[in-house]
Amino acid sequence: MGMCATPRPVIEVSGIRKTYGATVAVSEVSFEVGEGEIFGLIGPNGAGKTTTMECVEGVRRPDRGEISILGLDPFRDVYQLQNRIGVQLQQAQLQKRIKVWEAVDLWASLYTKTVDADRLLEQLGLSGKRNAWFMNLSGGQKQRLFIALALINDPEVVFLDELTTGLDPQARRAIWELVRGIRDRGKTVFMTTHLMEEAERLCDRVAIIEHGRIIEIGTPEDLVRRHCPERTVLLATDHTLAEERLRTILTIETVTRRDSQFTLEGKGDDFVTEVIQCLSENRIRVTNFRTELPNLEDVFLKLTGHSIRD
């Protein structure tokens, strides 16, 4: 096979389009998901994330375009695929008065091969809730049960849609850990989220979707580097010549000063280093120093002209 940097694609989507009446939900979407990566489709609600995912899963048929999962067609080869992919349910698909163990049992009965259900519940921290009714679970516990159901058939590819919406930060982090664990077991995860921090923490690569089109694909670091080279350094110093010296930094763009507080803005990966060198060469004593680096939220803003929360 030689030195192959990119893993083989497990999901290939090319030129899919999906309309509902006059509404174009997804227009000309193409991307590939490599084996063993967490790939995130990110964008605001209504951008086409869920529709795209449902087309890939084989839940909805696109009007046109090609989709292949593990080399199979999600519509033609639905029975072969069923045992190899895991889909996270939406809330509405479980009865309120089903017990956790019953739900897992029911789900397991749909597949030819399954993992050890008790061990799965234990791994997901649900052992103590085996006999609880679904309706009595907390939001985080429900989400963990949905992950359990998606993993019961030991799938190669796992689909997770808006996984942590509505959860508190602690539950959210616990779920992130679980998702990393899925990837660590060699599986491929295809997820959607409108939470930029979630995408940044979890995804190996992301595709930004807006108005049914993918406008950018890459690793989070790569997208930040490409679109937001700005760097900010905030520091405090009483040194009388600080401002004059700092202005000599080549990559500096603006210096703003309020009393002893300085805000320095520049571009590129070397900017922060140059600020530090300037301080040390001029023996400028600082009482506070921190950097602000852009993130995916900033990339989104730059590419679309609006915040993801709008």
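Details of the structure are given in the entry above.
A.B. asks: Quick one: what's the story with the sheet that holds strand E13 (residues 286-292), residue by residue and with numbers?
C.D. replies: Within a beta sheet, neighbouring strands are joined by backbone hydrogen bonds and run either parallel or antiparallel to one another. Pairing is antiparallel in the open sheet, where four strands are placed in the order E11-E12-E10-E13. Only two strands of the sheet have a single neighbouring strand rather than two, namely strand E11 (252-258) and E13. Shown here is a sheet whose adjacent strand axes are inclined to one another by a mean of 15°, direction ignored. Strand direction decides the pairing type here: strand E10 (residues 230-237) and E13, joined by six bridges, are antiparallel.

A.B. asks: For the packing of aromatic side chains, give the residues involved together with the corresponding values.
C.D. replies: Working definition: an aromatic ring pair is given by the centre-to-centre distance plus the angle between the planes. One pass over the full model with this rule turns up five aromatic pairs. For the ring pair Phe134 and Phe146, a centre distance of 5.9 Å and an interplane angle of 55° mean the geometry is tilted. You can see Phe134 sitting in the loop between helix H4 (117-123) and helix H5 (139-151) and its partner Phe146 sitting in helix H5, a full twelve residues away along the chain. Each member of the pair, Phe134 as well as Phe146, carries the same accessibility label: buried. Ring centres 5.8 Å apart and planes at 75° place the aromatic pair Phe159 and Phe190 in the edge-to-face group. Here Phe190 lies in strand E7 (residues 188-193) and Phe159 lies in strand E6 (residues 157-161), a separation of 31 residues in the sequence. Each member of the pair, Phe159 as well as Phe190, carries the same accessibility label: buried. Among the aromatic side chains, those forming a connected cluster through ring pairs are Phe31, Phe39, Phe159 and Phe190. When the ring centre of Trp133 is taken as reference, the NZ or CZ atom of Arg97 above it lies at 4.8 Å.

A.B. asks: For H5, give the residues involved together with the corresponding values.
C.D. replies: With 13 residues, H5 ought to run about 18 Å at 1.5 Å a step, and its terminal C-alpha atoms sit 19 Å apart, in line with that. Summarising burial for H5: twelve of the 13 residues are buried, a large majority.

A.B. asks: Give me the lowdown on helix H11 (residues 296-304), citing residues and values where you can.
C.D. replies: Looking only at H11, the buried set comprises Leu296, Glu297, Val299, Phe300 and Thr304. All buried residues of H11 lie within an arc of 160° about the axis, which places them on one face of the element. Capping the start of H11 is the job of one residue whose side-chain oxygen sits 3.1 Å from the backbone nitrogen of Glu297: Asn295. After H11 finishes, the residue Gly305 shows a positive phi value of roughly 80°.

A.B. asks: Residue-level account of the pattern of salt bridges, with values.
C.D. replies: This structure, assessed with the given rule, holds 22 salt bridges. Between Arg183 and Asp204 there is a salt bridge, with its nearest N and O atoms 2.8 Å apart. Of the two residues, Arg183 sits in helix H6 (residues 169-184) while Asp204 sits in the loop between helix H7 (196-202) and strand E8 (205-210), which places them 21 residues apart along the sequence. You can call Asp204 partly exposed: its relative accessible area is 28%. Linking Glu292 and Arg290 is a salt bridge whose minimum nitrogen-to-oxygen distance equals 3.3 Å. It is possible to trace a salt-bridge network through shared partners that takes in Glu216, Asp222 and Arg226.

A.B. asks: With reference to specific residues and values, describe the sheet that holds strand E3 (residues 38-42).
C.D. replies: The strand order E5-E6-E7-E3-E8-E9 describes an open sheet built from six strands, whose pairing is mixed. Because the sheet does not close on itself, it has two edges, and the strands there are strand E5 (85-87) and strand E9 (213-218). Ignoring strand direction, the axes of neighbouring strands in this sheet form an average angle of 15°. Where E5 meets E6, three bridges bridge the pair, whose relative direction is parallel. Across the sheet, the residue bridging to Ile85 is Val157, located in E6.

A.B. asks: How would you summarise the nonpolar core if you had to cite specific residues and measurements?
C.D. replies: Of all hydrophobic cores here, the largest spans 51 residues; its most connected members are Leu94, Leu145, Ile147, Val179 and Leu296. For Leu296, the contacting residues outside a window of four places in its chain are Ile42, Met196, Ala199, Glu200, Val206, Pro220, Leu223 and Val224. Val26, Phe31, Leu41 and Val56 belong to the second-largest nonpolar core, a separate cluster that totals 26 residues.

A.B. asks: I'd like a description of the pairing of E8, backed by residues and values.
C.D. replies: The buried fraction of E8 amounts to five of the six residues, a majority that puts the element mostly inside the structure. Looking at chain direction, E3 and E8 are connected through four bridges and run parallel. By the bridge assignment for E8, Phe39 is matched with Arg205. Of the pairings in the sheet, the one linking E8 to E9 comprises five bridges and is antiparallel in character.

A.B. asks: Mind laying out the packing of helix H8 (residues 220-227) against H11, listing which residues take part and the relevant values?
C.D. replies: The geometry of H8 relative to H11 is characterised by a closest axis approach of 9 Å and an angle of 50° between their N-to-C directions. With respect to each other, H8 and H11 are oriented oblique. Note on packing geometry: the crossing formed by H8 with H11 is left-handed. Here Pro220, Leu223, Val224 and His227 of H8 come into contact with H11, specifically with Leu296, Val299, Lys302 and Leu303. Residues that form the contact of H8 with H11 fall into these classes: six nonpolar, one polar and one charged.

Each value, and the rule that gives it
- Residues numbered from 1 in each chain as written.
- Predicted model: local features only at pLDDT ≥ 70, side-chain atom pairs only at ≥ 80, totals over all residues.
- Heavy atoms only, no water.
- Pairing = 2+ DSSP bridges.
- Helix = DSSP H or I, 4+ residues; strand = E, 2+ residues; numbered from the N terminus.
- Axes fitted to C-alpha atoms, helices over the stretch in contact; angles between N-to-C directions.
- Phe/Tyr/Trp six-rings, centres within 6.5 Å; stacked < 30°, edge-to-face > 60°.
- Buried < 20%, exposed > 50% of the residue type's maximum accessible area, 1.4 Å probe, protein only.
- Lys NZ or Arg CZ within 6 Å of the ring centre and 35° of its normal.
- Expected span 1.5 Å × (residues − 1).
- Arc of directions from axis to C-beta.
- Polar contact = N/O pair within 3.5 Å; in protein donor to acceptor, adjacent residues only side chain to side chain.
- Salt bridge = Lys/Arg side-chain N within 4 Å of Asp/Glu carboxyl O.
- Core = buried A, V, L, I, M, F, W, Y, C linked by side-chain atoms within 4.5 Å.
- Contact = heavy atoms within 4.5 Å.
- Parallel < 35°, antiparallel > 145°, perpendicular 65-115°, else oblique.
- Left-handed = near helix turned anticlockwise from the far one by under 90°.
- Nonpolar A, V, L, I, M, F, W, Y, C, P; charged D, E, K, R; others polar.

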